[in-house]
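Observations on the three-dimensional arrangement
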Amino acid sequence: MSNIFKDIENLKAYCFEGFIPIKQLWNNQSAVPQEQGVYLVLNTRQNDINFINPGVGGFFQGRNPNVPIDVLREKFIDDAIVLYIGKAGGINNRATLQSRIRRYMNFGRGQNAAHYGGRYIWQIREHEELL
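Below: a short report on this structure. Counting restarts for each chain, with residues numbered from 1 along the sequence as it is written. In keeping with the predicted nature of the model, local features appear solely for residues at pLDDT of at least 70, side-chain atom pairs appear and are counted solely at 80 or more, and the whole-chain, interface and lining totals rest on all residues. The basis for every side-chain value is the complete set of non-hydrogen atoms in the structure, without hydrogens or water.

Turning to the pattern of salt bridges, a few remarks are in order. By definition here, a salt bridge exists when the distance from a side-chain nitrogen of Lys or Arg to a carboxyl oxygen of Asp or Glu is within 4 Å. Per the counting criterion, the structure on display carries four salt bridges. Its salt-bridge partner being arginine 45, residue glutamate 129 comes within 2.3 Å of it at the nearest N-O pair. You can see glutamate 129 sitting in the segment after α4 (97–108) and its partner arginine 45 sitting in the loop between β1 (37–42) and α3 (69–75), a full 84 residues away along the chain. One salt bridge in this structure joins aspartate 70 and arginine 73, with 3.8 Å as the shortest N-O distance. Here aspartate 70 and its partner arginine 73 are both found in helix α3, three residues apart, which amounts to about one turn of the helix. For the exposure calls, accessible area comes from a 1.4 Å probe over protein chains only, and a residue counts as buried if that area is under 20% of its type's maximum, exposed if over 50%, partly exposed in between. A relative accessible area of 58% places aspartate 70 in the exposed class. A network of salt bridges, in which partner residues are shared, links Arg45, Glu126 and Glu129. Each helix is a run of DSSP H or I of at least 4 residues and each strand a run of E of at least 2, with the numbering of both proceeding from the N terminus.

Quick look at the structure:
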């Protein structure tokens with residue numbers, strides 16, 4: 001894995017910024033830019049991740065976002081700081097980081113929101129502490 005993903009200082013050197021806890025983003029996304037870009041969900045905790053089933057994520061288009069805990073354990077990479085990479089906008093998509101992260105936070109609150117990617121995050125018991 002590239003050194004860029006090893007710690008927050010390396011991410012800052014590659015112009016990533018913000019590092020806002022999910023518990024704060026649930027209430028207010030105003031600090032998130034209204035521009036296109038890439039966002040990360042990070043685990044900076046040194047202790048083990050605990051999974052839950054069901055998670056807190058909402059259903060999107062009637063699809064259950066939950067998977068068995070064994071699947072989550074299989075996909076989890078020990079000592080990984082980056083748990084999810086998301087993108088806002090593109091050639092045919094005008095979504096901004098703020099609008100995309102708002103949908104992601106709504107999905108994590110159990111709402112039927114248009115954001116199915118990154119759904120495994122909502123099966124982490126400590127999801128509110130992720131950045």
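A separate point is the packing of aromatic side chains. Ring geometry is summarised as follows: Phe, Tyr and Trp rings, the Trp one being its six-membered ring, pair when their centres sit within 6.5 Å, and such pairs are stacked at plane angles under 30 degrees, edge-to-face over 60 and tilted between the two. Within this structure, the stated rule accounts for six aromatic pairs. Considering the side-chain rings of tyrosine 84 and tyrosine 104, the 5.6 Å spacing of their centres and the 25° angle between planes classify their relative orientation as stacked. Here the residue tyrosine 84 occupies a position in strand β2 (residues 82–88), and tyrosine 104 occupies one in helix α4, the gap between them amounting to 20 residues. Three or more aromatic residues link up through ring pairs in this structure, and these residues are Trp26, Tyr39, Tyr84, Tyr104 and Trp122.

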